[in-house]
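# Descriptive analysis of the structure
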Amino acid sequence: MPLPAVDDRIAISDLATDPYSFYRKARADHPVVTVKAVGRTMLTKAADTKYVKDSWELFSSDDPNTPMRRAFQAHTLMRKDGAAHQRERTAMASTFSPRNLREVWMPLYEDIADDYIGRLPRGETVDLFAELAAPLSARCLSHLIGLDHASDADLCRWSQTLIDGAGNFGQLQSLFDATDKVNDEINAAIGQTVTAPEAAGRPHAIAVMLGQEAPLEIGAIQSNIKIVIGGGINEPRDAMLTAIFGLLDNPEQKQAVLAGTTSWLNVFEEAIRWVAPIQLSSRRAVEDTQIRGYDIPAGDVVMTIQASANHDEEVIENGHLFDIHRPRAPHQAFGNGPHFCLGTHVARKMVADIVLPRLFDRFPEMSLDTDQQVAFRGFGFRGPINMPVRLN
Ligand code: HEM
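Below is a summary of the structure that appears in this document. Here the structure is a predicted model, which means the values were calculated and not measured.

## With respect to the packing of aromatic side chains
Going through the model one piece at a time under the given rule, you end up with ten aromatic pairs. Between Y51 and F59 the ring centres are 6.0 Å apart and the planes differ by 80°, which places this aromatic pair in the edge-to-face class. Under the relative-accessibility criterion, Y51 is labelled partly exposed at 36%. Among the aromatic residues, those joined into a ring-pair cluster are F245, W274, F322 and F376. Against the face of Y116 rests R119, its NZ or CZ located 4.4 Å from the ring centre.

## A look at the site of the ligand
As a structural note, the neighbourhood of the ligand is formed by 30 residues, with H85, R89, R283, H339 and C341 the closest of them. Taking H85, its side chain carries an N or O atom lying 2.7 Å from an oxygen atom of the ligand. In the model, an oxygen atom of the ligand is placed 3.4 Å from a nitrogen or oxygen of the S281 side chain. At the level of elements, α5 (82-93), α7 (128-145), α11 (218-232), α12 (234-249) and β6 (281-285) are the ones that each hand at least two residues to the shell around the ligand. By residue number, the principal contributor to the shell around the ligand is α11, which donates four residues. Here the shell around the ligand is built from residues that sort into 18 nonpolar, eight polar and four charged.

## A look at the pairing of strand β3 (residues 40-43)
Both faces of the sheet carry side chains from a regular strand, because those side chains alternate between them. Neither face of β3 is open: one carries R40 and M42, the other T41 and L43, and all of them are buried. Two elements, strand β2 (residues 32-35) and β3, share four bridges in a ladder whose sense is antiparallel. Bridged to V32 within β3 is L43. Where β2 folds back onto β3 in an antiparallel hairpin, the turn is made up of four residues, including G39, whose phi is positive at roughly 70°. Note: β3 against strand β9 (residues 301-304), three bridges, orientation parallel. Bridging across to β9, L43 finds its partner in T304.

## Observations regarding the packing of α7 against α11
Packing of α7 against α11 brings their axes to within 10 Å, and their N-to-C directions diverge by 155°. By the angle between their axes, α7 is roughly antiparallel relative to α11. Along this stretch, α7 crosses α11, giving a crossing that reads as right-handed. Between α7 and α11, the contacting residues are S137, L141, L144 and I145 on the first element and I225, V228, I229 and G232 on the second. Here the residues of the contact of α7 with α11 are counted per class, giving six nonpolar, two polar and no charged.

## Looking at the pattern of salt bridges
A full pass over the atoms with the stated rule returns 23 salt bridges. Between K50 and D54 there is a salt bridge whose closest N-O contact spans 2.6 Å. Placement of the pair is K50 and D54 together in helix α3 (residues 46-54), with a separation of four residues, close to one helical turn. Of the residues examined, D54 reaches a relative accessible area of 35% and is grouped as partly exposed. Each of D154, R157, K181 and E185 takes part in salt bridges that share partners, so that together they form one network.

## Observations regarding the pairing of β9
The alternating pattern of β9 places V301 and M303 on one face and V302 and T304 on the opposite face, and all of these are buried. Here β6 pairs with β9 via four bridges, running antiparallel. Along β9, the bridge assignment pairs R283 with V302.

## Let's talk about the coordination of the iron atom of the ligand
Just one protein atom donates to the iron atom of the ligand; it is C341 (SG), sitting 2.3 Å from the metal. With respect to the helices, strands and loops of the structure, C341 is situated in the loop between α15 (306-309) and α16 (344-362).

## Overview of the sheet that holds strand β13 (residues 388-390)
In a beta sheet, neighbouring strands pair by backbone hydrogen bonds and run either parallel or antiparallel. Pairing is antiparallel in the open sheet, where three strands are placed in the order β5-β13-β10. Pairing within the sheet leaves two strands with one partner each, and these edge strands are β5 (125-127) and β10 (367-368). Pairing between β5 and β13: three bridges, direction antiparallel. Following the sheet pairing, V126 is matched in β13 by V389. Packed on one face of the sheet, α7 meets β5 and β13 and runs near 50° to β5.

Definitions and limits used
Residues numbered from 1 in each chain as written. Predicted model: local features only at pLDDT ≥ 70, side-chain atom pairs only at ≥ 80, totals over all residues. Heavy atoms only, no water. Phe/Tyr/Trp six-rings, centres within 6.5 Å; stacked < 30°, edge-to-face > 60°. Buried < 20%, exposed > 50% of the residue type's maximum accessible area, 1.4 Å probe, protein only. Lys NZ or Arg CZ within 6 Å of the ring centre and 35° of its normal. Near = heavy atom within 4 Å. Polar contact = N/O pair within 3.5 Å; in protein donor to acceptor, adjacent residues only side chain to side chain. Helix = DSSP H or I, 4+ residues; strand = E, 2+ residues; numbered from the N terminus. Nonpolar A, V, L, I, M, F, W, Y, C, P; charged D, E, K, R; others polar. Pairing = 2+ DSSP bridges. Axes fitted to C-alpha atoms, helices over the stretch in contact; angles between N-to-C directions. Parallel < 35°, antiparallel > 145°, perpendicular 65-115°, else oblique. Left-handed = near helix turned anticlockwise from the far one by under 90°. Contact = heavy atoms within 4.5 Å. Salt bridge = Lys/Arg side-chain N within 4 Å of Asp/Glu carboxyl O. Donors = N, O, S within 2.8 Å, 3.2 Å for Na, K, Ca; no water.

Spelled out as structure tokens, the structure:
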């Protein structure tokens with residue numbers, strides 16, 4: 001069997017600017033391709049990304065060279081398999097229970113959204129990235145994890161620094177210096193919650209992990225809270241902004257959703273299908289195997305490119321277009337298999353049920369600022385880096 005084709009031309013900076021052109025060509029010409037700049041073999045077809053994530057006994061989440069381990073100063077639950085993974089995932093699961101969502105988090109998120117959207121100035125041009133999506137996502141998450149004593153600015157900085165570290169495939173020392181500092185700050189903030197007398201019995205993730213019959217060791221609590229910070233702020237932020245851009249750039253679709261002919265849930269799902277906030281994941285082959293007829297030797301790390309899977313011509317027509325009217329089909333933006341996103345329902349409800357309807361209800365004539373371009377960036381994580389709009 002042949003080894004996958006090798007691409008030694010594309011640079012990480014090219015992928016951060018425009019990954020989709022590379023993936024489209026890869027799907028057509030060499031859907032399993034080893035990319036020198038990343039040091040991993042990319043899987044760009046939907047069937048392959050799903051197969052690898054579902055086959056966790058053959059494809060381990062424990063990538064020995066992941067920059068995430070250095071950035072988080074530990075292996076988090078995301079890099080564990082089987083019983084070790086289940087133990088840590090289950091330890092925080094009750095925070096995300098349907099009852100907590102219904103009775104605790106969503107009523108709180110409604111108040112937070114009313115507050116943050118209520119502060120936006122009518123008739124002015126603002127950047128919704130900085131003025132709404134980032135701080136609102138941070139505030140919501142701060143309560144869910146039990147770090148509501150931290151400021152929005154700190155939470156956003158922690159999240160971005162951890163994400164930059166987790167994606168530090170070029171192993172830049174300056175990025176790891178920054179994650180070391182942020183690790184100290186987050187550990188101190190967690191310590192403040194752990195020692196607070198009112199923590200016991202609360203539904204937030206720190207209290208729930210501490211309250212287990214066999215509580216996780218503090219190091220595991222710290223690293224998994226960092227995963228939720230890295231996984232729970234930038235992603236709803238990017239989903240929100242991508243949805244807003246999709247609607248403002250396609251006024252007919254905006255009218256359709258405001259007229260109630262389609263749902264906010266469709267808008268949300270289409271936004272994260274179109275530009276997946278987490279574009280890829282890594283898995284290590286535990287034995288010699290093949291994918292699509294190519295040899296994958298034991299120990300090789302494959303990257304499941306869910307961003308590409310969500311545009312795969314075999315499962316979706318014109319996937320490069322934002323279209324809330326397309327028939328709803330499963331996408332892979334929340335992953336597959338045992339590591340399927342734990343925050344799926346929180347994110348869906350927060351963005352589709354609360355933030356988007358409230359924002360467009362208050363500013364139904366909102367429009368993109370024609371003087372400024374909206375830019376999308378990112379290779380591992382992707383979304384708009386600005387969202388200048390006129391609020392009317
Ligand atoms: C639109 C928003 C979101 C998207 C697109 C998203 C996407 C993902 C993806 C693709 C994974 C799997 C990664 C892999 O397989 O290696 C994941 C895992 C995870 N997500 Fe999310 N996420 C979102 C929001 C959230 C939120 C709001 C939270 C927490 C409040 C969260 C918490 C987690 C956790 C804890 C994991 C790790 C699960 C495990 O390893 O078992 N996510 N997410």
